[in-house]
Amino acid sequence: MEIRKRHSTSINNFFAGLGIAIAVPLIVFVFYWYLKFYPTVGLFELATSTLKFSQFMQVIAVCALPDPLIFYFLSQKHYDNACKGMLAVIILLLLITIITKFV
């Protein structure tokens, strides 16, 4: 029987996991914009007017793909409270993606 060691660092709390899970898709979205649209389209213009709503949600869904990988890494390191925050955002993004897929 293995005893799990819990970490009590500043990253192992609900709000840190929430912040990580929100920041990662935003950072990936900025990289996506920089690689594909940078010289011709501004970042805020891309997010507000260039993409249609359904296209924008598809881009957000793709940008959220690294979240489960980070969730897995944190769960392997036993950052349980941070995983709870990440899981809340992952479920929220999943629900938004599914709802916009059928609308």
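Residues numbered from 1 in each chain as written. Predicted model: local features only at pLDDT ≥ 70, side-chain atom pairs only at ≥ 80, totals over all residues. Heavy atoms only, no water.

**Quick look at the overall build of the protein chain**
- Each helix and strand in the protein chain was counted, giving five helices and zero strands.
- Element order for the protein chain, N to C, with α for helix and β for strand: α-α-α-α-α.
- Radius of gyration (C-alpha) of the protein chain: 16 Å, far over the 13 Å computed for a compact globule of 103 residues.
- Projecting the C-alpha coordinates of the protein chain onto the three principal axes gives extents of approximately 55 × 30 × 20 Å.
- Counting the 103 residues in the protein chain, one finds 25% classified as buried.
- Summarising the internal contacts of the protein chain: among those between residues at least 6 apart in sequence, 68% fall at separations of at least 24.
- Surface accessibility of the protein chain: about 7,500 Å² in total, with carbon and sulfur atoms responsible for 72%.
- Within the protein chain, one finds 8 positive and 4 negative side-chain charges whose respective centroids are separated by 3 Å. (Helix = DSSP H or I, 4+ residues; strand = E, 2+ residues; numbered from the N terminus. Rg over C-alpha atoms; globule rule 2.2 N^0.38 Å. Buried < 20%, exposed > 50% of the residue type's maximum accessible area, 1.4 Å probe, protein only. Contact = heavy atoms within 4.5 Å. Areas by Shrake-Rupley, 256 points an atom, 1.4 Å probe, with all protein chains shown as cover. Lys, Arg positive; Asp, Glu negative; His and termini not counted. Charge placed at Lys NZ, Arg CZ, Asp CG, Glu CD.)

**A closer look at helix 3 (residues 53-63)**
- For helix 3, the set of buried residues is Met57, Val59, Ile60 and Cys63. Around the axis of helix 3, the buried residues are gathered within 160 degrees of arc, so they sit on the same side.
- Here the buried face of helix 3 lies against helix 1 (14-36), helix 4 (66-76) and helix 5 (80-102). (Arc of directions from axis to C-beta.)

**Regarding the packing of aromatic side chains**
- What the rule picks out here adds up to five aromatic pairs.
- Among the aromatic residues, ring-to-ring pairing joins Trp33, Tyr34 and Tyr38 into one connected group. (Phe/Tyr/Trp six-rings, centres within 6.5 Å; stacked < 30°, edge-to-face > 60°.)

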